[in-house]
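Architecture at a glance
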Amino acid sequence: MKSTGIVKLKLLNFRSYKSVEVEFSNLPTVIFGKNGVGKTNLLEAISLLYSGKGLRKANFSEMAKIPGNNSWKIEALCKQDNNLFEIETFSNGQGREVYLDGKKTSQQSLGNYLKMVWFLPPMDRIWLEGSKDRRKFLDRMVFSIDTNHAKDCRQYEKLLRERNRLLKDKITDESWYIAIEKQMANIGYNIDLSRRRFIETLNRSLKEESIYFPAIKLFLPSEPWESEHKLMIEYSENRRKDLLTGRTNVGPHSTEIKGFYIEKNIETKYCSTGEQKLSIISILLANARLIKEKIGIKPILILDEITAHLDEKKREYLFEEILALESQFFISGTELEIFQSISKKATVLELTLDGEIRI
C-alpha cells in the first residue's frame, strides 16, 4: 500500500495569499480560523495538485490575488512512500500548466501520483441540486479509479458542443452529424459503462463496510445502452427533436444519478438535511476505501467544514473513520475546540485575518 502526502506547499499570488510557504508532517492537519481568513483558499491550492480545476471548479483567472494580474503559482514537494517529487502548477488566467520534477506534463497525469477525495459544504445539497452537479460528483469518483475517464468526459463534452453548434445553426445536412455522432457514441458508451461499473463496486463498500454512517445505494434510473451502435441510433433518431430545441437531448451528458437511503427505504433527496449530509460523507469514505483497495494508494482527504451541523457523537465517529484510513488529511473549521479529540494527533494551523499561518 503506497502512502502519499504533501510535505511542503508554496503559494504565490494565489487567492488571499501574496506569498506563503507551509510545511506538513505525516500527521493530520487541522486548519482553523474565522470565516474569511483563507481556509478554503489553502485547501483549494492543495486540490490543484490533482487533475482538474480544483475543488471550487473556478476559472483560473479568478484565482489570482492582485486585481489585473491573473498570474498565480503553486509549488509543492510531495511524496509517495519514501520517494519525493515536485509538482509546480501555474496560470496566467488562460488555463494552467503543470510540471512534474521540472518536466512539463498533463493535468491528467497528476492522478497517477496523488489521489484526492474532498468535501465542501455545498455538497450537503447535492441531492437537491441539478443533475449536472451529481454527474460531476460521480465522474470525479470514477476518475479516482480510472484515470482515462476524465479524458473521455472532456472529449465527449467537446464533441457535444460541436453537435449543439450545428443544431443551433439549424444545419440539416446529415453528413455533418454522422462523423460527430459516431465519436460521441464510442466515447459516450464507455463513459456510461465506466459509471455503472464504478457504482456497482462502490455500492458493495457502502453496504458492507460503513461502520457509523448510513448504508447508501447509488443508481442510474435509465437503462444502459446495449452498444455503441444503439447509442448512435438514438442520436440519429432524436436529431429532429434536437433541431427544435437547439441542443442534444440524449446521451450520458443527460444521465440522472440518484441515491437510496437503505435504512429508511427512501431516496436520499427525501431525507432530512442532516441525513443527506451523512449520505455524502458515507459515499466519500467509501470512495477513499476503494482507492486504497483498487489502486493501492492512500488518498489525501480535503475536508472543508465537514463537521458543521454534526453533533459531538457524529463528529467523533467521523474522526474515527478518517483516522482508520491512515491517509494524510486536511480538515478545516472555525473553532479549534471542535477538533479537541484529534488535535494531539495533528498539526494545527491557525489562519489569521492578516493572512498569517501560525503553527
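Each remark here, short or long, concerns the structure printed above.
Computed from a prediction, not measured in an experiment: that's the story for all the values here. (Residues numbered from 1 in each chain as written. Predicted model: local features only at pLDDT ≥ 70, side-chain atom pairs only at ≥ 80, totals over all residues. Heavy atoms only, no water.)

Observations concerning the packing of aromatic side chains
Enumeration according to the criterion identifies nine aromatic pairs in this entry. Considering the side-chain rings of F85 and Y113, the 5.6 Å spacing of their centres and the 50 degrees angle between planes classify their relative orientation as tilted. You can see F85 sitting in strand β5 (residues 83-91) and its partner Y113 sitting in the loop between β7 (103-105) and β8 (116-119), a full 28 residues away along the chain. Among the residues examined, F85 registers a relative accessible area of 6% and is labelled buried. The exposure class assigned to Y113 is partly exposed, which follows from its relative accessible area of 31%. (Phe/Tyr/Trp six-rings, centres within 6.5 Å; stacked < 30°, edge-to-face > 60°. Helix = DSSP H or I, 4+ residues; strand = E, 2+ residues; numbered from the N terminus. Buried < 20%, exposed > 50% of the residue type's maximum accessible area, 1.4 Å probe, protein only.)

Thoughts on the packing of helix α2 (residues 131-145) against helix α3 (residues 148-168)
Running from amino to carboxyl end, α2 crosses α3 at an angle of 135 degrees, the nearest separation of the two axes being 7 Å. Comparing their axes, α3 and α2 come out oblique. For the pair α2 and α3, the contacting residues are D139, V142 and F143 in the first and H149, A150 and C153 in the second. Grouping the amino acids of the contact of α2 with α3 by side-chain chemistry returns four nonpolar, one polar and one charged. (Axes fitted to C-alpha atoms, helices over the stretch in contact; angles between N-to-C directions. Parallel < 35°, antiparallel > 145°, perpendicular 65-115°, else oblique. Contact = heavy atoms within 4.5 Å. Nonpolar A, V, L, I, M, F, W, Y, C, P; charged D, E, K, R; others polar.)

Regarding the environment of I6
Residue placement: I6 occurs in strand β1 (residues 2-14). If near-sequence neighbours (up to four positions away) are discounted, I6 is found in contact with F24, I46, L49, L77, C78, M116, I300, Q328 and F330.

Comments concerning empty space enclosed by the protein
Under the definition given, this model contains three cavities of 30 Å³ or more. Every residue lining the largest cavity is listed: M116, V117, W118, F137, R140, M141, S144, L284 and N287. Of all the secondary-structure elements, those providing two or more residues to the lining of the largest cavity are β8, α2 and α7 (273-295). Considering every element that reaches the lining of the largest cavity, the biggest residue donor is α2, with four residues. Grouping the amino acids of the lining of the largest cavity by side-chain chemistry returns six nonpolar, two polar and one charged. The wall of the second largest cavity is formed by V117, I281, L284, L285, L301, L303, I306, L318 and I322. Where the lining of the second largest cavity is concerned, the elements lending two or more residues are α7, β13 (300-304) and α8 (312-324). Among the elements that make up the lining of the second largest cavity, the one with the highest residue count is α7 (three residues). Classifying every residue of the lining of the second largest cavity gives nine nonpolar, no polar and no charged. (1 Å grid on protein atoms, 1.4 Å probe; cavity = no way out; pocket = protein on both sides within 12 Å on 5 of 7 lines; lining within 4 Å. Points joined across faces, edges and corners; volume = space filled by probe spheres on them.)

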